[in-house]
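# Analysis of the macromolecular model
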Number of protein chains: 2
Amino acid sequence: MTTVHTAASAVSAVSAASAAEEKVDTCASEAAHPPPVARGGYTISEVVSHTGLSAHTLRWYERIGLMPNVSRSHTGQRRYSEADLGWLSLVGKLRLTGMPVADMVRYAELVREGEHTFAERQHLLTRHRENVRQHIAELQDTLAVLDFKIEHYADARRASERV
Amino acid sequence: MTTVHTAASAVSAVSAASAAEEKVDTCASEAAHPPPVARGGYTISEVVSHTGLSAHTLRWYERIGLMPNVSRSHTGQRRYSEADLGWLSLVGKLRLTGMPVADMVRYAELVREGEHTFAERQHLLTRHRENVRQHIAELQDTLAVLDFKIEHYADARRASERV
DNA sequence: CGCTTGCTTAGAGTGCACTCAAGGTCAGTA
DNA sequence: TACTGACCTTGAGTGCACTCTAAGCAAGCG
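From a predicted model like this one, the values you see are computed outputs, not experimental measurements. (Residues numbered from 1 in each chain as written. Chains lettered and ligands numbered in written order. Predicted model: local features only at pLDDT ≥ 70, side-chain atom pairs only at ≥ 80, totals over all residues. Heavy atoms only, no water.)

### Some remarks on the relation of the copies chain B and chain A
Selection criterion: Copy-to-copy superposition: least squares on the C-alpha atoms, limited to residues that have pLDDT of at least 70 in both copies. The criterion used for residue contact is that any of the two residues' heavy atoms lie within 4.5 Å.
Between chain B and chain A, the superposition needs a rotation of 180° and an axial shift of 0.0 Å, giving an RMSD of 0.1 Å. Both copies of the chain, as the preceding transformation shows, are related through a two-fold rotation axis. Interface residue correspondence from chain B to chain A reaches 98%, placing this contact among same-surface, isologous pairings.

Put into structure tokens, the structure is as follows:
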């Protein structure tokens, strides 16, 4: 039960939203089955059930600058946009692949700073991609060992049952 | 990210050594370059440089029951055997693939308890193998996103330079 | 009106996996 | 003999990523 246990599947549900990414059209239908956007965006509890992250974590992400510019209702409650969900999906992927929060915060800063940071963003992601590739190799290496050992135990058990 | 960042490359150095699984002959020349086994095993600092783990960590592994039965010199210093290095290599792999230390300790207990724990050992490793497989899938999912974004930044930069 | 539910904040607490500190023993060398 | 350096122990400290607490505000309902 390390960091990965809560909401792995839920986060991948969000990742579908991230494919859409940036330009979200704000002009959806207004009355029927009022989509969250008609009320100004998703509430925090909607985002919780959508992503599997806790409300605490969502607020904490905002506090540390990882989830900036979430808009508010007239009573100060958070209203998440589709773009916010897309960003959360990316953050979820980076998190699940072991990027430190500090690096994600740095990336978020770069995004806020505009297009002149493309080079650094590319560099940051490229570095992370290398880490991910290496980690995949380690995992596959381990998979081979696990296969071997599991087969070994299975063999030994079959042999002992036959006696 | 948790757990993965320190000493990743160094541990893979161990796995190379364990791949060899050198059956060291104890009857080597006594004076010249005495092999560690001739002195009763590897010292902790030799294991440190071999594995990339810190001496602190090696002692801590022993304290928590993850690295049992390390023999000692007549002055009480640790002497690691080849088998210990092999075990350490496995532990390194499990650790790099995110198995909680508690589970590794449990596995170590089962190994100590003997052959009647084969079923539970197999179960434990099988469960971990599933986690590893799922994690690989997540990593590859993320890799696709990273490729897409990196290419996007590269394109944008090429375009802006052409202007 | 009171109650519940759901949200707000800043700051403190938790769990994991180390990582270090303090004080000590022992072998080898000047 | 004095010193150096590698090793020993127990217990405390660190960094990360959450996770929870406490106190309070606002809306909806019987």
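Still more to cover.
### Points about the interface of chain B and chain A
Put simply, the test is: When two parts are put together, the accessible area they lose, computed with a 1.4 Å probe and summed over both, is reported as buried area. Take a side-chain nitrogen of Lys or Arg and a carboxyl oxygen of Asp or Glu: if they are within 4 Å of each other, that pair is a salt bridge. Distance and chemistry together define a polar contact, namely a pair of N or O atoms within 3.5 Å, with one atom able to donate a hydrogen and the other to accept it when in protein, and with adjacent residues in sequence counting only for side-chain atoms on both sides. Only runs of H or I of at least four residues qualify as helices and only runs of E of at least two qualify as strands under DSSP, and these elements are numbered from the N terminus. Following the grouping adopted for this structure description, the nonpolar residues are Ala, Val, Leu, Ile, Met, Phe, Trp, Tyr, Cys and Pro, the charged ones are Asp, Glu, Lys and Arg, and the polar ones are all others, Gly among them.
The interface is formed by 40 residues belonging to chain B together with 41 residues belonging to chain A. Regarding the contact of chain B and chain A, the summed buried area is about 4,000 Å², with carbon and sulfur atoms giving 70% of it. Across the contact surface, chain B and chain A share 6 salt bridges. R129 of chain B serves as the salt-bridge partner of D147 of chain A, at 2.6 Å between the closest nitrogen and oxygen. Where chain B meets chain A, there are 12 residue pairs in polar contact (both at pLDDT 80 or more). Of all the elements in the fold, those that place two or more residues in the side of chain B that touches chain A are α4 (82-96) and α6 (118-162) of chain B. No other element matches the 28 residues that α6 of chain B contributes to the side of chain B that touches chain A. Looking at the side of chain B that touches chain A residue by residue, the class counts come to 21 nonpolar, 10 polar and 9 charged.

### Quick notes on the protein's contact with DNA strand D
To be explicit about the condition: Only heavy atoms are used to decide nearness, and a residue is near a molecule or strand if one of them lies within 4 Å of it.
Close to DNA strand D lie 19 residues; H56 of chain A together with S45, R59, R63 and R78 of chain B are nearest. Counting only the atoms of DNA strand D within 4 Å of the protein, the fraction contributed by sugar and phosphate is 66%. For DNA strand D, a phosphate oxygen lies 3.3 Å from a polar atom in the backbone of V101 of chain A. Listed by contribution, the elements that provide at least two residues to the surface near DNA strand D are α3 (55-63) of chain A together with α2 (44-51) and α3 (55-63) of chain B. Broken down by class, the residue content of the surface near DNA strand D amounts to 6 nonpolar, 8 polar and 5 charged.

### Quick word on the protein's contact with DNA strand C
Taken together, 21 residues are adjacent to DNA strand C, and S45, R59, R63 and R78 of chain A together with H56 of chain B come closest. Sugar plus phosphate: this is where 65% of the atoms of DNA strand C within 4 Å of the protein reside. Here R78 of chain A contributes a side-chain N or O atom positioned 2.6 Å from a phosphate oxygen of DNA strand C. Breaking the surface near DNA strand C down by element, the ones donating at least two residues are α2 (44-51) and α3 of chain A together with α3 of chain B. If you tally residues by element for the surface near DNA strand C, the top one is α3 of chain B, at 5 residues. Residues that form the surface near DNA strand C fall into these classes: 5 nonpolar, 10 polar and 6 charged.

### Comments concerning unusual backbone geometry
All names here are of chain A. Short version of the rule: Think of it in three bands: with a 1.4 Å probe and only protein chains considered, a residue is buried below 20% of the maximum accessible area for its type, exposed above 50%, and partly exposed in between.
Even without a glycine there, the phi angle at N69 is positive, about 60°. As for its placement among the helices and strands, N69 is situated in the loop between α3 and β1 (71-72). Looking at N69, the relative accessible area reads 68%, which means it is exposed.

### Brief notes about α3 of chain A
Residue and element names in this part refer to chain A. What counts is decided by this rule: Summarising the geometry, the arc corresponds to the directions from the helix axis toward the C-beta atoms.
Within α3 the residues assigned to the buried category are L58, Y61 and E62. The buried side chains of α3 occupy one side of the element, clustering within an arc of 100° when seen end-on. Residues of α3 that are exposed and angled more than 90 degrees away from the buried face: H56 and R63. Of the residues one or two after α3, G65 is the one with positive phi, at around 90°.

### Considerations on the pattern of salt bridges
Side-chain pairs of opposite charge can arise where the charged atoms are in close proximity. With the rule as written, the count across this model stands at 20 salt bridges over all chains. The shortest N-O distance in the salt bridge between D147 of chain B and R133 of chain A comes to 3.9 Å. Of this pair, D147 of chain B sits in helix α6 while R133 of chain A sits in helix α6 (residues 118-162), placing the two residues on different chains. By relative accessible area, which is 38% here, R133 of chain A ends up partly exposed.

### Quick notes on the environment of V105 of chain A
Considering the arrangement of structural elements, one finds V105 of chain A in helix α5 (residues 101-113). Separated by 40 residues in the primary sequence, V105 of chain A and G65 of chain A place their C-alpha atoms 6.0 Å from one another.

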